[in-house]
Amino acid sequence: MSLIAGALLLAIGLYGLKVWTKSDPKVLAAILMRSLAYAAMLGAVGALAMGRFTAAVPLAVVGIALLGRLDPNGVGGLLGSLFRKRRAGRTSRVRTAVLEMQLDHATGAMSGQIVAGPYAGRGLDTVDVPELLALRAMCDAQSLALLEAYLDRRAPAWREHAQGDAGGGNMGRAAADSGTMTEEEAYQVLGLQPGADAASVRATHRDLMKKFHPDHGGSSYLAAKINRAKDVILSKHA
């Protein structure tokens, strides 16, 4: 019996190899991708049924991404679009006397506007680096720390060319710790809706720290700001 089963498997394998070699590579790639997509989605359903949420999410993401590539105008593309919009829609806002900055949760990108001074009304991305360096002299401590955090992302070597670096030491942490933070501002810093539960606050704080902690290319000012926001909101839950 085992010999017969082995022969059947061998015959099926040889037939599949023959079909594979004669088929259009693009068609075969699409079949393989669709098979992987369905396998990933089934794996996600199985993991979800077993309560393994940490395994279900990445499997579902892979399945949706593959289906989206195969059928951009179909259900897979729609799900992928909704997933990307959900991720891209989360932003944090930090405002000082001179600047208003947005932090993209999905990419870690920073963008912002100048709200006071000679460049008021201009987006930071439209201002040349030498002009931003000159703007440092007009900034208060918090604005200076935020501007330098932006410069660290946009032009990492700016400190080598700047004269009289005013952002040394623990300037960022001291600036973020000075003054009080309202609950409304704390929610804006974390990019959460007012009333978010403690679990969401902790999860968002953890994700942001992975992107904006000084050890990960961020700044002490932003890290301190994010930490303060978490503490302010969680103190209301206590």
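Keep in mind that what you see is a predicted model, and the values were worked out from it rather than measured.

Caption draft 1: Fine view of the overall build of the chain. Within the chain, the secondary structure is distributed over 11 helices and three strands. Taken from the N to the C terminus, the helices and strands of the chain come in the order α-α-α-α-β-β-β-α-α-α-α-α-α-α. Residue burial in the chain is summarised as follows: out of 238 residues, 34% are buried. Accessible surface, the chain: about 14100 Å² in total, of which carbon and sulfur atoms supply 61%.

Caption draft 2: Geometry of the pattern of salt bridges. Under the definition given, this model contains seven salt bridges. For Glu 100, the salt bridge is made with Arg 95, and the minimal N-O distance between the two is 3.2 Å. Residues Arg 159 and Asp 152 are paired through a salt bridge, measuring 3.3 Å at the closest nitrogen-oxygen approach. A residue is classified by how much of its surface remains accessible, and Arg 159, at 31% relative accessible area, is partly exposed. What makes Asp 152 partly exposed here is its relative accessible area of 21%. One continuous salt-bridge network, built from bridges that share partners, spans Arg 136, Glu 148, Asp 152 and Arg 159.

Caption draft 3: Seen up close, the pairing of strand 1 (residues 91-95). Judged by which residues are buried, strand 1 turns out to be one-sided: Ser 92 and Val 94 face inward and are buried, whereas Thr 91, Arg 93 and Arg 95, on the alternate face, are not. Both strand 1 and strand 2 (residues 99-104) contribute to a ladder of five bridges, which runs antiparallel. Bridge assignment links Thr 91 to a residue of strand 2, and that residue is Asp 104. Here strand 1 folds back onto strand 2, and the loop between the two strands holds three residues.

Caption draft 4: Layout of helix 9 (residues 183-190). Taken together, the buried positions of helix 9 are occupied by Glu 185, Ala 186, Tyr 187, Val 189 and Leu 190. Where helix 9 is buried, its residues touch strand 1, helix 10 (198-212) and helix 11 (220-237). Gly 191 sits one or two residues past helix 9 and shows a positive phi near 70°.

Caption draft 5: Seen up close, the sheet that holds strand 2. Spatially, 1-2-3 is the arrangement adopted by the three strands of the open sheet, whose pairing is antiparallel. Both outer strands of the open sheet, strand 1 and strand 3 (110-114), are each paired with one neighbouring strand and no more. Between one strand and the next, the sheet's axes are offset by a mean angle of 20°, whatever the strand orientation. Relative to strand 3, strand 2 runs antiparallel, the two sharing five bridges. Paired with Glu 100 across the strands is Gln 113, a residue of strand 3. Those strands touched by helix 6 (residues 141-154) are strand 1, strand 2 and strand 3, and its axis lies near 45° from that of strand 2.

Caption draft 6: Focus on the nonpolar core. Core analysis: the biggest nonpolar cluster contains 42 residues, and Met 110, Ile 114, Leu 124, Leu 132, Leu 147, Leu 190 and Leu 222 have the highest contact counts within it. Within the residue set of this core, elements represented by two or more residues are strand 2, strand 3, helix 5 (129-135), helix 6, helix 9, helix 10 and helix 11. With eight residues, helix 11 is the single largest residue contributor to this core. For Leu 147, the contacting residues outside a window of four places in its chain are Leu 99, Leu 124, Leu 132, Leu 135, Arg 136 and Cys 139.

Caption draft 7: Looking closely at the packing of helix 9 against helix 11. Two numbers describe how helix 9 lies on helix 11: the axes approach to 8 Å, and their chain directions differ by 125°. It follows that helix 9 is oblique to helix 11 by the angle criterion. As helix 9 packs across helix 11, the resulting crossing turns out to be left-handed. Of the residues in helix 11, those touching helix 9 at Glu 183, Glu 185, Ala 186, Tyr 187, Val 189 and Leu 190 are Lys 225, Ile 226, Ala 229, Lys 230, Val 232, Ile 233, Lys 236 and His 237. Along the lines of polarity and charge, the residues of the contact of helix 9 with helix 11 split into eight nonpolar, one polar and five charged.

The rules behind the values
Residues numbered from 1 in each chain as written. Predicted model: local features only at pLDDT ≥ 70, side-chain atom pairs only at ≥ 80, totals over all residues. Heavy atoms only, no water. Helix = DSSP H or I, 4+ residues; strand = E, 2+ residues; numbered from the N terminus. Buried < 20%, exposed > 50% of the residue type's maximum accessible area, 1.4 Å probe, protein only. Areas by Shrake-Rupley, 256 points an atom, 1.4 Å probe, with all protein chains shown as cover. Salt bridge = Lys/Arg side-chain N within 4 Å of Asp/Glu carboxyl O. Pairing = 2+ DSSP bridges. Contact = heavy atoms within 4.5 Å. Axes fitted to C-alpha atoms, helices over the stretch in contact; angles between N-to-C directions. Core = buried A, V, L, I, M, F, W, Y, C linked by side-chain atoms within 4.5 Å. Parallel < 35°, antiparallel > 145°, perpendicular 65-115°, else oblique. Left-handed = near helix turned anticlockwise from the far one by under 90°. Nonpolar A, V, L, I, M, F, W, Y, C, P; charged D, E, K, R; others polar.

Shape descriptors only; they carry no functional weight alone.
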